[in-house]
Amino acid sequence: MWILFVRLVIPGNNGSLLLLLNLQSAWSVKQQIAKLFEESLRTTVPDEGDIEPEIAPCQNPKFGDYQCNNAMGLWSRVKGKDTQFKGIMKNLPPSEMIESCTIAGPGFVNIILSKHWIAKSIQKMLVHTIETWAPEIPVKRAVVDFSSPNIAKEMHVGNLRSTIIGDTLARMLEFSKVEVLRRNHVGDWGTQFGMLIEYLFEKFPSGEVSGDQAIGDLQAFYKASKQRFDSDPAFKERAQRAVVSLQGGEEKYRKAWAEICEISRRGYESVYQRLGVQLEEKGESFYNPHIPRVMELLNEKGLIEESDGAHVIVIEGKKIPLIVVKKDGGYNYASTDLAALWYRLNEEKAEWIIYVTDVGQREHFEMVFTAAKQAGWLPAEENKYPTAIHVGFGLVLGEDGKRFRTRSTETVKLVDLLDEAKNRCRETLVQRGKSEEWTAEELDKTAEAVGYGAVKYADLKNNRATNYTFSFDQMLNDKGNTAVYLLYAHARICSIIRKSGKDIEELKKIGTVELGHPDERALGLHLLQFPEIVEEACTNLLPNILCEYLYNLSEDSTRFCTNCKVVRSAEETSRLLLCEATAVVMRKCFYLLGITTPVYKI
């Protein structure tokens, strides 16, 4: 076991997060090499104290598989001494994993791994499952706050990124043995409910009608109530009184509020079901009862001041304060978010709290986190837990470079977007004759898996902090870096195994992996890098790192399948096991990205 400091540059977080990672993944190649070089450096340059090994994959494979870069930093300190940098190689402990090392100038030690060790490691994974390759990060429990739609508004394309990115981050953390509390912080409390409830009562004054019948199209109902609120002063006044009645707990107002929330809930739950996303709802209303106590705690710390009738917290380094109680005595987003953060730290005992929202909310969360540090809820030091972080993401753009909208400039509904992706995939499958081979259910499930997967991957493959252009034509292309191409690559591997007619589970028991061909070795090495890639994607909270790995793995597997005959070859058993290992790793990547692999051959 060894300790490694990792400085993580988090896009959209205005700086870097220094985490102390107690890395324990026995299967991470990078960490195993690091341990060997740590011992060598301690022996080679004992006067320099503890030196953290700087291990990285070689950018050019002709020089090696990995490289140790520490010699570059040590050169100026030990130049002129008797120490020879060849000593770094000479002092490496004996290890079956390293085949050879070479020095590239006064800066790098290049490492070539043993192909026999690579093969043996792959075989162990096949026997003991890919879960043995899971990284372990030093966090027992994390909260991932994502999706968070507003009640009474249909989920739209703007909710897509938070939902997809948050789900993938949660999956990666769960794979890394972290207990993840998936939180849906829905906007189910606030002044907008006054106008919605009052409009409902106005349409049906008897109150005998159900919310379903009264509201119908939720989006249209919201727009109509907002129009009345903006144009009719008397209605606006009644709506404001309705908020007071709701917050005061009057039964008929609470009942109307609950009906509106339930209609919304059914709408977004159906979207989550289609996307395969699991969430536990704890919305603004859940934290509302905790706000007075949290404000009292902050006041006891001397943090709350009065400013122009409002209660505020002066934030270090910010020109404007954080308003926590409005002039009229009402609470706002900041008061709710502080209550939620306090609850997650003190009641749910979370060590890592991750907020997945658009980059526009970065400053708000920076101020909330700073207030929590000033209150002593979070440590002031960067390298200590518990910690909270804002994971920002950019906009979804149309092909015109503007916000993605319909032709009538309306925000695109998420259900319409998913329907379109599924229908386009179905049309493609029909054109390929699959409707004659499959049942209607098989066709439907495959179109769903590929269509929804294409939408997810098109988002996740981009650095989340940047904007990306939404294009059905591009994301559904079966060539290039798309989910469709990746799923085809996986299907090809599975097809080879299936056509062999061999029992792959039996082969795992009696067969051995050999990596004699260069394309076999390249594929095997890429498979072994899976644990460190997941670790990097997880600790940096960047799903695109995993996407890039999966695409490159698919390219390597395609090259292997093209250049290395599998079925009825002299190396059939070994190559079938390599195919199986590739399929296992690809399926785990797909799972972490929330993409379903079709059961049927596509």
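What you see as residue numbers is a count from 1 along each chain, following the sequence as written. Side-chain atom pairs in this predicted model are given and counted only at pLDDT of 80 or more, local residue features only at pLDDT of at least 70, and totals for whole chains, interfaces and linings cover all residues. As a convention, hydrogens and water are excluded, and side-chain values are obtained from all of the structure's heavy atoms.

Where an unreviewed UniProt entry is consulted, the protein chain appears under the name arginine--tRNA ligase, with the organism given as Sesamum calycinum. UniProt positions are given in the numbering used here, feature names are shortened, and annotations may be inferred rather than shown by experiment. In its Sequence similarities (unreviewed entry) section, UniProt records this for the protein chain: "Belongs to the class-I aminoacyl-tRNA synthetase family." Quoted verbatim from the Catalytic activity (unreviewed entry) field of UniProt, the annotation for the protein chain is "tRNA(Arg) + L-arginine + ATP = L-arginyl-tRNA(Arg) + AMP + diphosphate".

Peer 1: What is the right way to look at the sheet that holds strand E9 (residues 280–281) in this model?
Peer 2: Strand pairing in a sheet relies on backbone hydrogen bonds, with the paired strands running either antiparallel or parallel. Pairing is parallel across the open sheet formed by five strands, whose spatial order is E9-E8-E7-E13-E14. Each edge of the open sheet carries a strand with a single partner, namely E9 and strand E14 (387–393). By definition, two strands form a pair when at least two bridges between them are found by DSSP. Runs of H or I in DSSP of at least four residues are treated as helices and runs of E of at least two as strands, each being numbered from the N terminus. Pairing between strand E13 (residues 352–358) and E14: seven bridges, direction parallel. Across the sheet, the residue bridging to Val 356 is Val 391, located in E14.

Peer 1: Looking at this structure, I do not really get the sheet that holds strand E10 (residues 304–307). What am I missing?
Peer 2: The strand order across the open sheet built from three strands is E10-E11-E12, with neighbouring strands paired in antiparallel fashion. Edge positions in the sheet fall to E10 and strand E12 (322–325), since each has one partner strand and no second. Put simply, the sheet's adjacent strands are angled 45° from each other on average, direction ignored. Pairing geometry for E10 and strand E11 (residues 310–313), over four bridges, is antiparallel. Residue pairing across strands places Glu 306 opposite His 311, the latter belonging to E11. Convention adopted: a line fitted to C-alpha atoms gives each axis, helices being fitted over their contacting stretch, and angles between N-to-C directions are expressed from 0 to 180 degrees.

Peer 1: Help me understand the nonpolar core, please; the structure alone is not making it clear to me.
Peer 2: Where a protein is soluble and globular, its nonpolar side chains tend to be buried together. By nonpolar core is meant a set of buried Ala, Val, Leu, Ile, Met, Phe, Trp, Tyr and Cys residues that side-chain atoms within 4.5 Å join together. Relative accessibility thresholds used throughout: buried, under 20% of the residue-type maximum; exposed, over 50%; partly exposed, between the two (1.4 Å probe, protein chains only). Leu 113, Leu 173, Ile 354, Leu 417, Phe 530, Leu 546 and Val 585 are the most contacted members of the largest nonpolar core, which totals 154 residues. If you tally residues by element for this core, the top one is helix H24 (residues 572–592), at twelve residues. Those residues in contact with Phe 530, other than ones at most four positions away along the chain, are Ile 130, Trp 133, Phe 175, Leu 546, Tyr 549, Val 585, Lys 588, Cys 589 and Leu 592. If you look at the next biggest cluster of nonpolar residues, it comprises 36 residues, including Leu 322, Ala 334, Leu 345 and Ala 371. Two residues qualify as a contact provided that any one of their heavy atoms is within 4.5 Å of a heavy atom in the partner residue.

Peer 1: In this structure, what is going on with helix H19 (residues 483–500)? I would like to understand it.
Peer 2: An α-helix turns once per 3.6 residues; consequently, residues spaced three or four apart project the same way. Here H19 contains 18 residues, and its C-alpha end-to-end distance of 26 Å stays within 8% of the 26 Å for a straight helix at 1.5 Å per residue. Burial within H19 is extensive, with 14 of its 18 residues counted as buried. Positive phi shows up at Gly 501, right after H19, with a value of about 75°. To estimate the expected span of a helix, subtract one from its residue number and multiply by 1.5 Å.

Peer 1: Help me understand the packing of aromatic side chains in this model?
Peer 2: By convention here, two paired aromatic rings are described through the distance between centres and the angle between planes. To pair, rings of Phe, Tyr and Trp, with the six-membered ring standing in for Trp, must have centres within 6.5 Å; the planes then decide the type, stacked if under 30 degrees apart, edge-to-face if over 60, and tilted in the middle. Counted by the stated rule, this structure contains 16 aromatic pairs. Considering the side-chain rings of Tyr 355 and Phe 369, the 5.5 Å spacing of their centres and the 45° angle between planes classify their relative orientation as tilted. Linking Tyr 355 in strand E13 with Phe 369 in helix H14 (residues 362–374), this pair joins segments that are 14 residues apart in sequence. Across the pair, Phe 369 and Tyr 355 agree in class, each one buried. Each ring, one from Phe 470 and one from Phe 472, has its centre 5.0 Å from the other, and the planes form 90°; the classification is edge-to-face.

Peer 1: Honestly, the packing of H19 against H24 in this entry has me stumped. Any pointers?
Peer 2: Geometrically, a packed helix pair is captured by the angle between its two axes and the distance between the axes. The interhelical angle for the contact between H19 and H24, taken along N-to-C directions, is 145°, at an axis separation of 10 Å. In terms of crossing hand, the pair formed by H19 and H24 is left-handed. Together, Leu 486, Leu 487, Ala 489, His 490, Ile 493, Cys 494, Ile 496, Ile 497 and Ser 500 of H19 and Glu 572, Leu 576, Cys 579, Glu 580, Thr 582, Ala 583, Met 586, Arg 587 and Phe 590 of H24 make up the contact between the two elements. For this scheme, ten residues count as nonpolar: Ala, Val, Leu, Ile, Met, Phe, Trp, Tyr, Cys and Pro. Four count as charged, namely Asp, Glu, Lys and Arg, and the remainder, Gly too, count as polar. A class-by-class count of the residues in the contact of H19 with H24 yields twelve nonpolar, three polar and three charged. Handedness of a helix crossing follows the sense of rotation of the near helix relative to the far helix, less than a right angle counterclockwise being left-handed and clockwise being right-handed.

Peer 1: I would appreciate a short explanation of the pairing of strand E7 (residues 141–145) in the present structure.
Peer 2: The side chains of a regular strand alternate between the sheet's two faces. Buried residues dominate E7, accounting for four of its five residues. Taken together, the five bridges between E7 and strand E8 (residues 179–184) define a ladder with parallel strand orientation. Looking across to E8, one finds that Asp 145 is bridged to Arg 183. A crossover links E7 with its parallel partner E8, the connecting element being helix H5 (residues 157–175), and its sense is right-handed. Pairing of E7 with E13 involves four bridges; the strand directions are parallel. Residue Ala 142 lies in a different strand from E13, and its bridge partner there is Trp 352. Whether a crossover is right-handed depends on one test, that the path from the first strand over the helix to the second runs clockwise when the strands point away from the viewer.

Peer 1: What is the right way to read the state of the cysteines from this model?
Peer 2: As used in these notes, a disulfide is a covalent bond between sulfur atoms, one from each of two cysteines. The rule for a disulfide is simple: a pair of cysteine sulfur atoms within 2.5 Å. On inspection of all chains with the given rule, the structure shows zero disulfides. Left without a disulfide partner, Cys 564 is nearest to the cysteine sulfur of Cys 561, which lies 8.6 Å away. Here Cys 564 falls in the buried class, since its relative accessible area comes to 1%.

Peer 1: Would you mind showing me how to read the confidence of the model for the protein chain here?
Peer 2: Caution is warranted with low-pLDDT regions, since their predicted coordinates should not be read in detail. Counting all residues, the mean pLDDT for the protein chain is 89, and 90% of those residues have values of 70 or more. Overall, residues 1–24 carries pLDDT values under 50, and its contacts beyond four positions in sequence, including any with other chains, amount to 80 contacts. On a range of 0 to 100, pLDDT expresses the predictor's confidence in each residue.

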